[in-house]
Each structure stands twice: as structure tokens, then as C-alpha cells.
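Fold and geometry: a report
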Amino acid sequence: MEGSIPHRPIRLAYPDGMRAAWQPAKPEFAAACNALSLGMPYGEPYVMASIRNALPAVEAAGDDEVAAQVRAYLEQEREHAQQHRRFNELLRAQHPALRHVERWLKRSYSFLNRRAGHRFGVAYAAGFEATAFAAARWMDTHRHALFRGADPEPATLFLWHLAEEVEHKTVAHDVWATVD
């Protein structure tokens, strides 16, 4: 079952001078995507840690299928965080004040990790992934209007990420249902 959620490592080549407003026809859409991207290097590791910490309980429950899905899901999520971290470097180069936002995000997720507890983390992960799935389905329905004329590398980043959200849409929920 582990092969049902494939790991697709990608390496996007962002051109020199790539604009933060990478969708000139819809700069507000690019700004919204960029804002989401800023959180990925912090939110994805928190969600991953929450689900990884629950894996022994999933295995103890004897649910080999969910355990296999979790391992594959963790590979996809790790790749998402890495790719968004690279993209965010370009955003920060153009907008250095974003470092303040990133520091706040780092502190916020660090606080959750220290204080919210394992049960909250798994529930948060399930909600995080359900929201990502809903956004992915909506964006898929509107992808032509949203991405037409966009710079290809950032568009690929977001479309790739959203497609993988659809693939692993229920994994965090299944973990939550198994352990809590």
C-alpha cells in the first residue's frame, strides 16, 4: 500500500529576477499563495511531527495500511516544506521584512509543539490537511483562470503541491480516527 502515495522529489529552477508577483494577471492570487508558502516550512514540520509521533499508536492498533500511508505521506510533506523553503528565499530577497513574519511563524509553531500536546497536534494535522484538500479541489476547478499567464516555476510549485494534497487527503484524518 505504501506505493499508493508516491514520493516525487522536484527541483524547480527559479530564474534570476523572478517576481514575487508571479501571476501578473492576478497579483492578489500570487500574494495569497506567497502568504501560504511562508507558513509551509513551519506548519508542514509541525504536522509531520504530530503524525510521526502518532505512528507507534497506529502500528500498535494493527492498522498496517494506515501506517504505510503515514510513511508515504511524511515523504510528500517533507518535500513540500523543502520546496517552499527554497521559494521563500526568493520572496525574502525581494521583501526582507518577511523575516519578521517567518520569525512569528517559527515561534507560533514552536509554542504549539511545546504546549499543545499530542492529541491537539494530531487533530490540528487532520484539520490542516482537510483545509488543504478543500483548497486544492477549489484551485483545481479554477486552475486555468488562476494560473494562465503565471510564471511557470511558482505555478508548478503550487499545482504540484496541491495535487499531492489530493493524494494524501485522508491520511491525517485516518491517524486521528485511529489514535483519538
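Cut-offs applied
- Residues numbered from 1 in each chain as written.
- Predicted model: local features only at pLDDT ≥ 70, side-chain atom pairs only at ≥ 80, totals over all residues.
- Heavy atoms only, no water.
- Salt bridge = Lys/Arg side-chain N within 4 Å of Asp/Glu carboxyl O.
- Buried < 20%, exposed > 50% of the residue type's maximum accessible area, 1.4 Å probe, protein only.
- Helix = DSSP H or I, 4+ residues; strand = E, 2+ residues; numbered from the N terminus.
- Lys, Arg positive; Asp, Glu negative; His and termini not counted.
- Contact = heavy atoms within 4.5 Å.
- Axes fitted to C-alpha atoms, helices over the stretch in contact; angles between N-to-C directions.
- Parallel < 35°, antiparallel > 145°, perpendicular 65-115°, else oblique.
- Left-handed = near helix turned anticlockwise from the far one by under 90°.
- Nonpolar A, V, L, I, M, F, W, Y, C, P; charged D, E, K, R; others polar.

Right, let's get into the pattern of salt bridges. Using the criterion set out here, one finds eight salt bridges in the structure. Residue R143 pairs with D140 through a salt bridge whose shortest N-O separation is 2.8 Å. Residue class for R143 comes out partly exposed when judged on its relative accessible area of 34%. Residue classification places D140 among the partly exposed residues on the basis of a relative accessible area of 31%. One salt-bridge network, held together by shared partners, links R8, E164 and E167.

So, about the side chain of E79. Mapping E79 onto the fold places it in helix 2 (residues 64-94). At 4.4 Å, R78 is the nearest oppositely charged side chain to E79, a buried residue that forms no salt bridge. If near-sequence neighbours (up to four positions away) are discounted, E79 is found in contact with H7, R8, P9, I10 and W160.

Running from amino to carboxyl end, helix 4 (residues 118-141) crosses helix 7 (residues 171-179) at an angle of 150°, the nearest separation of the two axes being 8 Å. Regarding the angle of helix 4 to helix 7, the classification is roughly antiparallel. For the crossing formed where helix 4 meets helix 7, the hand is left-handed. Residue-level inspection shows V122, A123, A125, A126 and E129 of helix 4 in contact with helix 7, the latter providing A172, H173, V175, W176 and V179. For the contact of helix 4 with helix 7, a count of residues per class yields eight nonpolar, one polar and one charged.

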